[in-house]
Amino acid sequence: MFATTNYPCNIPLESKILFLFHSFTITINTLFAFHCKTKLRTTNLQSTIYTHPNRALFFRKKLSFFNLPKQIMSGIVVVFDFDKTIVDVDSDNWVVDELGFTDLFNQLLPTMPWNTLMDTMMKELHSHGKSIKDIEEVLHKIPLHPRVIPAIKAAHALGCDLRIVSDANTYFIETILKHLGIREYFSEMNTNPGYVNEEGRLRILPYHDFNKASHGCTLCPPNMCKGLVIKRIQDSISEEDKRLIYLGDGSGDYCPSLRLKEKDFMMPRKNFPVWDLICKDPSVVKAEIHGWSDGEELEQVLLQLISKVSMEHNSPFITSDCKLQTLSLSVLEALPKALPLRP
Ligand SMILES: [Mg+2]
Ligand SMILES: [Zn+2]
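Because the structure is predicted, anything quoted here is derived from the model rather than measured.

Along the protein, the regular secondary structure elements total 14 helices and eight strands. Taking all 343 residues of the protein together, 38% fall into the buried category. If you take every contact in the protein between residues at least 6 apart in sequence, the share linking residues at least 24 apart comes to 69%.

Next up, the structure:
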């Protein structure tokens, strides 16, 4: 599906180029701002990049001979939703639809919470002779945008700590990530437990056991409050300068977006439920908001934000005019030799 180089820094070529482009654009803007003796301000690079495709292409050609240094930066925790963010569909719906149980699902949907319904649907699949192998075969065919995996690999190779917060389940997500060969890129998965029982039936349980106690959040479904997960992640991040980037599409991603801080970034999928909720009153989200429409834009925006944070981490270099060259050189020196081109 995609190719990678043999370099120790295992970033897909296209992603390297994008990252370099963003880094250099930010560097140029930073240097320009400094040269003008103006206060460094946030620059809207998105319009530059997306409205000038020829310029991007020019940079891609120019920079294709370089490689990125390993672990350019760290200090970013990237939190991904799974359904319609990493994969391009809802994995629950995908399995039910592909195995021909859509009508039963729609019939039962008004009668119970989604999480309970999925466990019930797995019982129905089992009783109708659908095996775990049938479910796995369907999961292996789940659609995803071809730029999502390179984006994940690039973010990981650049030192980001990648985590998943999803209302799907561990069984679906593990099966898909392992099949795609990207399981090891994630340090943590927060989702509903899923396991195969002794009868060979898939069980799907709630992340919060709402039969025992409510999680207390009125924005979220009873089985999972993603905002509480984000709070736990924030509490576990000891360093002051760690920053979160959160990517999601659904209404369940709105609660965590309200937990993000000013230094963080929210990446809602444009024209999806979380985008619509944020648009109603963007001022309640403290984090910078950067929308994306598909996997290609997800990659562009994510690498842009990582490079922006990277440059801000490197800002001590920019202390005087004579150091401007130092910064440029330090970036260039980090770029090695020839890069094997993708077939
Ligand atoms: Mg989602
Ligand atoms: Zn919540």
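Still to come is the rest of the account.
Looking now at the confidence of the model for the protein. Here the protein averages 79 in pLDDT, and 69% of its residues register 70 or above. Throughout residues 29–72 the model reports pLDDT below 50, and contacts reaching past four residues in sequence, or to other chains, amount to 52 contacts.

To continue, consider unusual backbone geometry. In the Ramachandran plot, lysine 84 falls in the positive-phi region, its phi being about 60° despite a non-glycine side chain. When you line up the elements, lysine 84 lands in the loop between β1 (76–80) and α4 (91–98). Exposure remark for lysine 84: the 18 C-beta atoms within 10 Å place this residue in the partly exposed category. Even without glycine at this site, asparagine 271 takes up a positive phi of about 65°. Its location among the elements puts asparagine 271 in the loop between β7 (265–268) and α12 (273–280).

Take the packing of α4 against helix α7 (residues 132–140) next. For the pair α4 and α7, interaxial distance at closest approach is 10 Å and the crossing angle is 120°. Here α4 lies oblique to α7, going by the angle between them. Note on packing geometry: the crossing formed by α4 with α7 is right-handed. In contact with Trp94, Val95 and Glu98 of α4, α7 contributes Ile135, Val138 and Leu139. Here the contact of α4 with α7 is composed, by residue class, of five nonpolar, no polar and one charged.

Turning next to the sheet that holds strand β8 (residues 288–289). Reading across from one edge, β3-β2-β1-β6-β7-β8 is the order of the six strands in this open sheet, with parallel pairing throughout. One side of each edge strand has no neighbouring strand; the edge strands of this open sheet are β3 (186–192) and β8. Of the pairings in the sheet, the one linking strand β2 (residues 161–169) to β3 comprises five bridges and is parallel in character. Residue pairing in the sheet places valine 165 in a bridge with asparagine 190 of β3. Its contacts with the sheet place helix α13 (residues 295–313) against β1, β6 (243–248) and β7, and it is angled at close to 175° to β6.

One finds Val79, Ala155, Ile245, Met267, Leu302 and Ile306 to be the most contacted residues of the largest nonpolar core, which totals 57 residues. Residues Tyr207, Cys220, Val274 and Leu277 belong to the second largest nonpolar core, which totals eight residues.

By the alternation rule, side chains of β7 split into Phe265 and Met267 and Met266 and Pro268, which are all buried. Bridge analysis of β6 against β7 gives four bridges, and the strand direction is parallel. The residue of β7 that forms the bridge with tyrosine 246 is methionine 266. Once you follow β6 into helix α11 (residues 254–259) and on to β7, the crossover reads as right-handed. Both β7 and β8 contribute to a ladder of two bridges, which runs parallel. Residue pairing across strands places methionine 266 opposite isoleucine 289, the latter belonging to β8. Taken together, β7, α12 and β8 form a β-α-β motif whose crossover is right-handed.

What counts and how
- Throughout this description, residue numbers start from 1 for each chain and increase along the sequence as written.
- Throughout, the order in which chains and ligands are written sets their labels, letters from A for the former and numbers from 1 for the latter.
- Since the coordinates come from a predicted model, pLDDT governs what is reported: local features require at least 70, and pairs of side-chain atoms require 80 or more to be given and counted, while whole-chain, interface and lining totals use all residues.
- Counting from the N terminus, the helices are DSSP H or I runs at least four residues long and the strands are E runs at least two residues long.
- Here the C-beta atoms are placed from the backbone, and a residue counts as buried if at least 20 other C-beta atoms lie within 10 Å of its own, exposed if 12 or fewer do, and partly exposed otherwise.
- Contact between two residues is assigned whenever their backbone-derived C-beta positions fall within 7 Å.
- Along the chain, pLDDT gives the predictor's confidence residue by residue, from 0 to 100.
- Each axis is a line fitted through C-alpha atoms, and for a helix only the stretch in contact is used; angles between axes span 0 to 180 degrees, taken between their N-to-C directions.
- Here the word oblique covers every angle except those under 35 degrees (roughly parallel), over 145 (roughly antiparallel) and from 65 to 115 (roughly perpendicular).
- Left-handed describes a crossing in which the near helix is turned anticlockwise from the far one by less than a right angle; the clockwise case is right-handed.
- In this classification, Asp, Glu, Lys and Arg are treated as charged, Ala, Val, Leu, Ile, Met, Phe, Trp, Tyr, Cys and Pro as nonpolar, and every other residue, Gly included, as polar.
- Only when DSSP finds a minimum of two bridges between them are two strands counted as paired.
- We define the nonpolar core as any set of buried residues of the types Ala, Val, Leu, Ile, Met, Phe, Trp, Tyr and Cys, connected via C-beta atoms lying within 7 Å of each other.
- Crossover handedness is defined by viewing with both strands directed away from the observer: a clockwise path from the first strand over the helix to the second marks the crossover as right-handed.

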